[in-house]
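Here's the letter readout for the chains.
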Amino acid sequence: MDKQGRGLAETVWTRLDRKAGAITELTIRQLRHRLSTWVVLAVGTLLLMSLLAMFIAGVRGGWEPIDNDGDSHDWDQDGYPAGQEFKYGSDPYDGFSFPGSGFFVQEGSFEWGSVGLYSGNHTWRYATGIFTYTWLDDSQIGGEEIIEVGSLKSCPEGELFEDFWIDWGDGCRMDVNRIAVHEASFVGNGTFRVQEGFYAEWGHFEDTFYVEPEPASNYIDEDDIDWTGDPNGINGFDDDGDCLRIGWPEDTEPDFWWGWDDRHQPDRNGNGIPCDVAWISDSSGNIIQINPDDNVDEDPSEESLAYEDAHRAFIIGTGKIAFVMILGIFLPLFLSLGLVRDETENGTLHYLLSKPIHRGEFITYRILGYLIISGGFVLIMSLLMGLVTASLGPGDSIFRLNDMILWFGIAFATILALAAYGAIFNTLGLLSSRYGVYIALVIGVYEFVMAVLTLGGATLIPVLSVSHWTLQLIDSIVLIVWPNTIEMHLIATAFDLPSGIRAFWNPPVHTLGTDNPFISGLISVVVLLLITTMMILFGQAQFKRREIM
Amino acid sequence: MSTKATPAVLLEKCSKWYGQVIGINDISLAIDGGVTGILGPNGAGKSTLFKLLMGRLKPSSGNVRLFGVDPWVSTSPYRRVGYVAETEKLYDWMTGHDFVSTLARLHGMTREEASERASHVLDFVGLGDVENKEIGKYSKGMRQRIKIAHALVHDPDLIILDEPLHGCDPIARTSIMSVIRDLGSQGKTVLVSSHILDEIERITEQIVILHNGRLLALGNLHAIRDLLDKHPHRILIRTENPRKLAEYFVTEDPVYGVRFAGEEALEVLTNDLSAAHNVLPRVIVDSGLKVTSIENPDDNLEALLRYLVGGAS
């Protein structure tokens, strides 16, 4: 008890608390009176609002089904989707090769590099030169690149390949009944003059028959993921039959279209069951790997997976890039660099330091004040983002509470980054009032690059950065809030689906071998706090020794 | 912590160099109670001395103690110290009351205590009626006074004022001087620095004179002043007819010579300034001449220093 009869708690702790309150409050009020604070907060708000606008526009625009395996597209514009061409063994990139197109019988060709003319009514293929015709089949013209007779442009004046050039697989009209072509195919009656140094062949198709073209929609979302939930059961089913080749014409040449890829393997995963998907789990039942056979579950419906994937990717991407990498680095650059430096330069530090307050405490409370402004901003923004995404996100629930929890996690991680960067930049401002800002900019760029590397999945070099640990903290929180994200990540990787989660999320790496997101999250928090504390202590040591003029 | 035996301010063989430049050189000093003027021309080491006392600088050699504690190591003496720095920057966006009460809270006061104390000291320095105005709108004199107010808010035992009258108009000067005198009469230890002798003279008799970082003189200003007065002095009198006035002066005892300084001015030379001033009114009345001004060009710090330095050498 002192002479006023106050206890130790009253005299020491409350006084400390009051000083902390006063400096923190002063710092907040100072930042509030600076234009640069408002500018950087306004720019941050603008950035997040435009992201939110994009999100709302995306939700309002609805969801178009995606052809994940690309087989609904008619690449060669012969009227048949690629999937139907695969079924019939025709070349999806050759307009002359389509279901029922038969086979080409070559009647003759120009020797490579020869010069000459040939006349007649033929199918001309791989032809480069000039064709003067009396008749041209305008439904059958093209090649590996497509030429539409009706829309052929006029050739420029001069000689082909001397005065003008035509793209590979393209052509142009030289006259009413004359076209120039480059590696193209067409049907017509006339005289072909081959270009010197190039090639052409002629002949006709035999054994043609008619096949009704299927609509492209038959090849969209045609093979959904069939997952029983039991890794020991039989999973995966070839809904569209392109693995088992059920209902395919018997004479389809096997593996015609896989020619440039490796061969079709109905049991690629080697589990003895053709056309299934092996879901491999660890001892505790977590899926750790997915091995599909070729063409099984390769084009799932977006309802079940992609919509949720995109929604999560938006939150994770915004959290990592907008919050951590942009706000997390720029707010401290603008707000923390001058926390103590500016007071020293202005001379106003003398008022504060003539009070019974340690210089070390002073630094800590200044950083606290800056954190309340910057962290408060981040918290409000994440709350706003959370309210919108939780209300508009996919799923049956009216409000996705987990979204909200994740946004708070993102805010928490960002605030830890703000603290670490704040401590680093403030110390830099103390070390060198003149060059501190440049060093801080270099560190800012470095941190950004490390963050990009971390996003890309690098785990070694970025360990020496604040951003790496912050991003891993977000990765960990994502996995805690949405444990099945790791499955979605595996599914997207296994079936090669376009996935935002794959782009923005990586399974946490620093789990001490436990694969437990709580461990990696805790380690990240500890590392970030350690960096902050060490930088504050370093700044305090510097400031304590500093003579103030 | 401090007892009667430990003076408020103590310097023992204290020196401070800035690289090759000397700030203060081998100063030993103990001050306790009353108002002490720290006199010295610009660059004499006044601010260095204060910054050493306030723990801003670390002495290159020797010791500094505030109430027996080394201020470079501990901030505890600041509970009993108020410091008015030379800096002219303030938080212009704050009101006067805000500024003082915010800084008061750094002494561990509650918001209410701080607000109450702030109002009290603002009244004391005469800013009570403008305490809710922004500091940016304050005049120079008001800004100096708000700095004094913040230094007084915790009722310190020792108040250190670095050039508090610098740049103030005469009215502000008078009011600040009276504040300082009041503090002295309240029994506080006050250190006030200035490079203008006249200012200090109006505040206190106890002075410390610094010159080129050295302690040149310490003690009662009048004693020093008496020494100075026995030194050759000039009195510059502006009058319509200096030649006629000269005739009256040459017969006077304290005057050993006269000089004409232009058409309308007379320089009276004396070895005893106060004696000369004693006869001055009578002589002027006797002469019946109109006198427009009387100046003592040698009665300033520079002359005092010249004398002291000359006397020392």
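Criteria and cut-off values
- Residues numbered from 1 in each chain as written.
- Chains lettered and ligands numbered in written order.
- Predicted model: local features only at pLDDT ≥ 70, side-chain atom pairs only at ≥ 80, totals over all residues.
- Heavy atoms only, no water.
- Helix = DSSP H or I, 4+ residues; strand = E, 2+ residues; numbered from the N terminus.
- Rg over C-alpha atoms; globule rule 2.2 N^0.38 Å.
- Contact = heavy atoms within 4.5 Å.
- Lys, Arg positive; Asp, Glu negative; His and termini not counted.
- Charge placed at Lys NZ, Arg CZ, Asp CG, Glu CD.
- Disulfide = S-S within 2.5 Å.
- Buried < 20%, exposed > 50% of the residue type's maximum accessible area, 1.4 Å probe, protein only.
- Pairing = 2+ DSSP bridges.
- Axes fitted to C-alpha atoms, helices over the stretch in contact; angles between N-to-C directions.
- Buried area = accessible area lost by both parts, 1.4 Å probe.
- Polar contact = N/O pair within 3.5 Å; in protein donor to acceptor, adjacent residues only side chain to side chain.
- Nonpolar A, V, L, I, M, F, W, Y, C, P; charged D, E, K, R; others polar.
- Salt bridge = Lys/Arg side-chain N within 4 Å of Asp/Glu carboxyl O.
- Parallel < 35°, antiparallel > 145°, perpendicular 65-115°, else oblique.
- Left-handed = near helix turned anticlockwise from the far one by under 90°.

(A) The overall build of chain A, seen in detail. The number of helices and strands found in chain A is 13 helices and 7 strands. The C-alpha atoms of chain A give 34 Å as radius of gyration, which overshoots the globular expectation for 549 residues (24 Å, by more than 25%). In terms of overall dimensions, chain A has a C-alpha envelope of 120 × 65 × 40 Å along the principal axes. Look at the contacts in chain A between residues 6 or more apart in sequence, and 72% of them connect residues 24 or more apart. Averaging the positions of the 30 positive and the 75 negative side-chain charges in chain A gives two centres separated by 30 Å.

(B) A look at the state of the cysteines. Residue and element names in this part refer to chain A. Tallied over the entire structure, the rule returns 2 disulfides over all chains. Between the sulfur atoms of C155 and its disulfide mate C172 the distance is 1.8 Å. Of note, the bridge from C155 to C172 carries an S-S torsion of about 95° and is right-handed in sense. Taken together, the residues span a long stretch of sequence, with C155 in the loop between β2 (117-142) and β3 (171-175) and C172 in strand β3 at a distance of 17 residues. Its relative accessible area of 7% is what places C172 among the buried residues.

(C) Expanded view of the sheet that holds strand β1 (residues 9-18) of chain B. Residues and elements named next belong to chain B. As summarised here, the arrangement of the 3 strands in space is β2-β1-β4, forming an open sheet in which the pairing is antiparallel. The outermost strands of the open sheet, each flanked by one partner alone, are β2 (21-31) and β4 (61-66). For this sheet the average axis-to-axis angle between neighbouring strands, irrespective of direction, equals 25°. Examined bridge by bridge, β1 and β4 share 5 bridges and lie antiparallel to one another. In the sheet register, L10 faces β4, and the bridge partner there is R65. Sitting on the sheet, helix α1 (residues 46-53) is in contact with β1, β2 and β4, with an inclination near 115° to β1.

(D) Molecular detail of the interface of chain B and chain A. Residue-level contacts link 37 residues of chain B with 31 residues of chain A. Between chain B and chain A, the buried area comes to about 3,200 Å², and carbon and sulfur atoms account for 58% of it. Our count for the contact surface shared by chain B and chain A stands at 14 residue pairs in polar contact (both at pLDDT 80 or more). Sort the elements by how many residues they give to the side of chain B that touches chain A and helix α2 (residues 96-105) of chain B lands first, with 5 residues. Classifying every residue of the side of chain B that touches chain A gives 17 nonpolar, 9 polar and 11 charged.

(E) How the structure looks around the pattern of salt bridges. Inspection of the entire model under this criterion finds 27 salt bridges over all chains. Across the pair R111(B) and E25(A) runs a salt bridge whose closest N-O atoms are separated by 3.0 Å. One end of the pair, R111(B), is in helix α3 (residues 111-124); the other, E25(A), is in helix α1 (residues 8-32), on a second chain. Of the residues examined, R111(B) reaches a relative accessible area of 48% and is grouped as partly exposed. Residue E343(A) pairs with R366(A) through a salt bridge whose shortest N-O separation is 3.6 Å. Of this pair, E343(A) sits in helix α5 (residues 341-346) while R366(A) sits in helix α7 (residues 359-392), placing them 23 residues apart in sequence.

(F) Inspection of the packing of α2(B) against helix α4 (residues 140-152) of chain B at higher detail. All names here are of chain B. Packing of α2 against α4 brings their axes to within 8 Å, and their N-to-C directions diverge by 30°. In terms of orientation, α2 and α4 fall into the roughly parallel class. Remark: the crossing between α2 and α4 carries right-handed chirality. Every residue of α4 that contacts α2 at G96, F99, V100 and L103 is listed here: I146, A149 and H150. Split into classes, the residues belonging to the contact of α2 with α4 amount to 5 nonpolar, 2 polar and no charged.

(G) Molecular detail of the side chain of D309(A). Residue and element names in this part refer to chain A. One can find D309 in helix α4 (residues 306-335). Nearest to the buried, unbridged D309 among oppositely charged side chains is R312, at 8.0 Å. At 3.3 Å, the side chain of D309 and the backbone nitrogen of I501 are in polar contact. For D309, the contacting residues outside a window of four places in its chain are M488, S499, G500 and I501.

(H) Up close: the environment of P164(B). All names here are of chain B. Of note, P164 is situated in the loop between β6 (158-161) and α5 (170-185). According to the relative accessible area criterion, P164 is buried, its value standing at 1%. When the C-alpha atoms of P164 and S287 are compared, they prove to be 43 Å apart, with 123 residues separating the residues in sequence. Other than its neighbours up to four places away in sequence, P164 contacts Q144, I148, I176, I180, V192 and S193.

(I) The packing of α3(B) against α4(B), seen in detail. All names here are of chain B. Viewed as axis vectors pointing N to C, α3 and α4 meet at an angle of 135°, and their least axial separation amounts to 9 Å. With respect to each other, α3 and α4 are oriented oblique. Of the two elements, α3 crosses α4, and the hand of that crossing is right-handed. Listed contacts from α4 to R117, V121, L122 and F124 of α3 are I146, A149 and L152. The class makeup of the residues in the contact of α3 with α4 is 6 nonpolar, no polar and 1 charged.

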